[in-house]
Amino acid sequence: MMSELNTYLEGTPFTGIIGRTTNESVPAWPVPADAPEGSPNILVIVLDDTGYAQLGCYGGLGGRIRTPNMDRLADEGIRYINFHTTALCSPTRAALLTGRNHHTVGVATIMEAATGYPGYNARIPRETAMLPAVLVERGFNTMALGKWHLTPDEHESASGPYDRWPLGQGFERFYGFLPGETSQWEPDLWEDNHKIDPPGRPEDGYHLNEDLVDHAIDWINAQKVSTPNKPFFMYFCTGAMHSPHHAPKEYIEEYKGAFDAGWDIVREETLARQKELGVVPENTELPAPNPGVKAWASLGDGDKRLFARQMEVFAAYLTHTDHHVGRLIDFLEEAGVLDDTLVILVSDNGASGEGGANGLSSEMSLFNLSPESIEDMLAKVDDWGSPSTHPHYATGWAMAGNTPNRWYKQLVHEGGTRDPFVIRWPARIKDAGSTRTQFHHVVDVTPTILEILGLNMPDSVRGYAQRPLEGESMAYSFADAEAPTPKKIQYFEMLSHRAIWAGGWKAVTTHWSTLFKAAFGITDHEVHDGDFDADVWELYNIDEDFSEVHDLASENPAKLTELRDLWWAEAGKHQVLPLDDNLLGKMAGDKPRVVEDRDTYTYFWPVKLVRSASPQVKNVSHVINADIKIPEGGAEGVIVSDGGLDGGYVLCIKDRLLCYVSNYLNREHYVATSDKPVPSGEVSVRMEFEKTVDFAGNVTLYINGDKVGGAEVKRTNPLAYAVAEGLEIGSDSTSPVWPEYTPPFNFTGTIKKVELRLKGGAAYDAEGFTRMAQFKQ
């Protein structure tokens, strides 16, 4: 018997003939799907927390900030001046990659704030496949670099599951970081499906910007050498311009004095520059300053010095980022593939006001309810942006960075949602350097790419029937600057702030919660936690009032009612409900966590955990026992550590002595040291922390059962050690808990077992987790 058509187990058709023997048979290889003929490479560059006015091609804060390489993309492509995002990073990235609205795919907010409702559970459904999962089946290589922030927080540990990591969503390679932020000098890094140590140290000149571009160039080069005609899809997401604002000193010095005029004057000059560039209408007005922002003229000399330095560092960070983006663009040009590459440049939301009214030299100080004073920060002003800081600027600079738009990231006024968007593709764009005014939204990016490639979203991806795309292609606008937008409606909701756009009109409301006021340093406004009916809606004709200056709610109540009703209809359609402004409740509620509550944790060397998988020892008496082996001549290095520069603890051997260090916000290091060396051979060491009052206690050290030292710990971080750094056995890989050693300070003996035992059970710091989550977006 012979068959002219058999089917492989995986469902691909076999087109040969199978007989009893090979003499009676004809072989046929499975034919992989090729990319559509003429498909360009696709490079999507996503900046973080970059406001509308911060790139040079969108005003550059009055021409002060230099971004020549991103400006080149605009000069050789087109700029959209009415492009919008969701106002927050994870939701924007989810909408960009899926082509559906962020609530539709379960990413209403950041992954850490998930709740058990379909629009909020942080689990992107299989029925809303990401673009790379489609393209990889159509002959593309798919690569992701930099920030991800689309994996549920409790899935980031080594136990997974991995299906919502980049490689589980259609990418073939990943190099970057899973959470919402990381140090640019000492980053938490993952490669593909495993956590890795940073490949360099800041003292040797390492910076994440350079590292990401090095990997991008290496990957593209390797791919083109092997298969020069095979297209790639690269999703390149910088850590910049999210805090911490980290830049090399030489870049910072180039901006010395550039912002001494202050944010009020810079804002005015920026609007004038934007009108010259044509990225705002000529009739655009500057709104009143945002609530909570101090008038520059009212500040003292010390405040002005501090705030000017904050912006100098941010500008340096952006110029440094631009330099390395330029390296990637230059490589594509040298390789002869730039003009065959569709390049998209976008920011995920508006400039961030999360530094509060005065900014921060360390976010951990705010997370731990001990914010720094102006005097504290002035003492660090010369080190601002260095590895010894984790800084953010004041809200006044975020306001200027969003010129002429109101408010910031997290809010759904234009300052949170209107963002830079640039496309370079000479094959279809013939009026290089021009602008487009059509209203569009990040949900439109995937439909645009699919149309360019001549593809539809498949009915099924990986066996899952697909929900329809919810965006509209922008490809029509490449050749026609005057064509009307096909979009009819776009709703917005972020952290209970709500808006809707329809036909050029926009209704918007700010939800004044206690947490919202605290986040942005606002003191003079009534709050109405949980009362959404008390929200005051505003009405703007965006086509005529670009910067939301003229509220028409009282003049046109019928239009406001129409739009408000439309918002509720869209909310029901897209899984926006139920509304919930209790962020603390979201974090502390009944939800999955990596670490099961237990009294004893046992580890075998080596171990590197993320923060969410690490045991919580803050404000709890606890004991660490370690069985180690010391070679003749001694050993040194970390036995166990948790945290980093801004807080944590480490048990280590240094100069042959057993040491325990508790780091409080990098302000105090409480050190207990043994009064005799650790002997060679099989050794048992123990640290006992006995809580005396909240967030304080006494430490006692033991070697082979003998008491050898101790110290009083007068203060520990009450809520959080670090954004991502977690417990490690045998190393301290990123920033050091104790500045007396250089990471990773690997243990040079042998660690057989470490046991951490809590007296009284685990402590889940929901409040600290909430504060961190709100800022690491």
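What comes next is a walk through the structure.

Rules behind the numbers
Residues numbered from 1 in each chain as written. Predicted model: local features only at pLDDT ≥ 70, side-chain atom pairs only at ≥ 80, totals over all residues. Heavy atoms only, no water. Helix = DSSP H or I, 4+ residues; strand = E, 2+ residues; numbered from the N terminus. Buried < 20%, exposed > 50% of the residue type's maximum accessible area, 1.4 Å probe, protein only. Areas by Shrake-Rupley, 256 points an atom, 1.4 Å probe, with all protein chains shown as cover. Lys, Arg positive; Asp, Glu negative; His and termini not counted. Charge placed at Lys NZ, Arg CZ, Asp CG, Glu CD. Pairing = 2+ DSSP bridges. Axes fitted to C-alpha atoms, helices over the stretch in contact; angles between N-to-C directions. Contact = heavy atoms within 4.5 Å. Core = buried A, V, L, I, M, F, W, Y, C linked by side-chain atoms within 4.5 Å. 1 Å grid on protein atoms, 1.4 Å probe; cavity = no way out; pocket = protein on both sides within 12 Å on 5 of 7 lines; lining within 4 Å. Points joined across faces, edges and corners; volume = space filled by probe spheres on them. Nonpolar A, V, L, I, M, F, W, Y, C, P; charged D, E, K, R; others polar. Phe/Tyr/Trp six-rings, centres within 6.5 Å; stacked < 30°, edge-to-face > 60°.

### Thoughts on the overall build of the protein
Helices and strands together make up the secondary structure of the protein, namely 17 helices and 32 strands. With respect to the three principal axes, the spread of C-alpha positions in the protein is 90 × 80 × 50 Å. For the protein, the residues scored as buried account for 63% of the 777 residues in total. In the form shown here, the protein has an accessible surface area of approximately 27,500 Å², with 50% of it arising from carbon and sulfur atoms. For the protein, the distance from the average position of its 68 positive side-chain charges to the average position of its 111 negative side-chain charges is 3 Å.

### As for the sheet that holds strand S8 (residues 189–191)
Spatially, ten strands are ordered S9-S8-S7-S6-S10-S3-S11-S12-S4-S13 in an open sheet, and the strand pairing comes out mixed. Taken across any chain shown, the strands that pair with only one partner, and hence form the sheet edges, are strand S9 (194–196) and strand S13 (434–436). The average angle at which neighbouring strand axes cross in this sheet is 15 degrees, direction not considered. In this sheet, strand S11 (residues 341–347) lies alongside strand S3 (residues 41–47) in parallel orientation, the contact comprising seven bridges. Bridging from a neighbouring strand, Leu-43 pairs with Val-343 of S11. Contacts between helix H3 (residues 89–98) and the sheet are confined to S3, strand S6 (141–147), strand S10 (232–237) and S11, with S10 contributing the most and set at about 170 degrees to the helix.

### Structural notes on the environment of Arg-267
By secondary structure assignment, the location of Arg-267 is in helix H7 (residues 263–277). The residues touching Arg-267, leaving out its near neighbours within four places in the chain, are Leu-286, Pro-287, Ala-288, Pro-289, Met-399, Ala-400 and Thr-403.

### Observations regarding helix H13 (residues 445–453)
With eight of nine residues buried, H13 is to be regarded as a mostly interior element. Taken as a whole, H13 has its buried residues at Val-445, Thr-446, Pro-447, Thr-448, Ile-449, Leu-450, Ile-452 and Leu-453. Positioned one or two residues after H13, Gly-454 has a phi angle of 75 degrees, which is positive.

### Topic: the nonpolar core
Grouped together as the largest cluster of nonpolar side chains are 141 residues, with contacts concentrated most on Phe-233, Tyr-235, Phe-236, Trp-263, Trp-397 and Ile-449. Per-element tally for this core: the top contributor is helix H8 (residues 301–334), with 14 residues. If sequence neighbours within four positions are ignored, Phe-233 has contacts with Ile-42, Val-44, Leu-97, Leu-131, Pro-132, Leu-135, Phe-140, Asn-141, Thr-142, Met-143, Phe-171 and Ile-449. Within the second largest apolar cluster, 45 residues are counted, among which are Leu-651, Val-723, Leu-727 and Phe-747.

### As for empty space enclosed by the protein
Applying the stated criterion to the full structure yields eight cavities of 30 Å³ or more. The space that makes up the largest cavity amounts to roughly 210 Å³. Taken together, 18 residues form the lining of the largest cavity, with Ser-183, His-390, Asp-646, Glu-725 and Ser-735 sitting closest to its centre. Here the residues of the lining of the largest cavity sort into seven nonpolar, six polar and five charged.

### Re the packing of aromatic side chains
Summed over the entire model, instances satisfying the criterion amount to 31 aromatic pairs. With 5.3 Å between their ring centres and 25 degrees between their planes, Tyr-408 and Phe-520 make a pair best called stacked. Highlighted residues: Tyr-408 in the loop between helix H11 (395–401) and helix H12 (414–417) and Phe-520 in the loop between helix H14 (514–519) and strand S20 (537–541), separated in sequence by 112 residues. On the accessibility criterion, Tyr-408 (0% relative accessible area) is buried. The exposure class assigned to Phe-520 is buried, which follows from its relative accessible area of 1%.

### As for the layout of surface pockets
Each pocket or cavity is described by its volume, and for the second largest pocket that value is around 390 Å³. Around the second largest pocket, the lining is made up of 21 residues, and of these Asp-34, Ala-35, Gly-139, Lys-230 and Pro-231 lie nearest the centre. By residue class, the composition of the lining of the second largest pocket is ten nonpolar, five polar and six charged.

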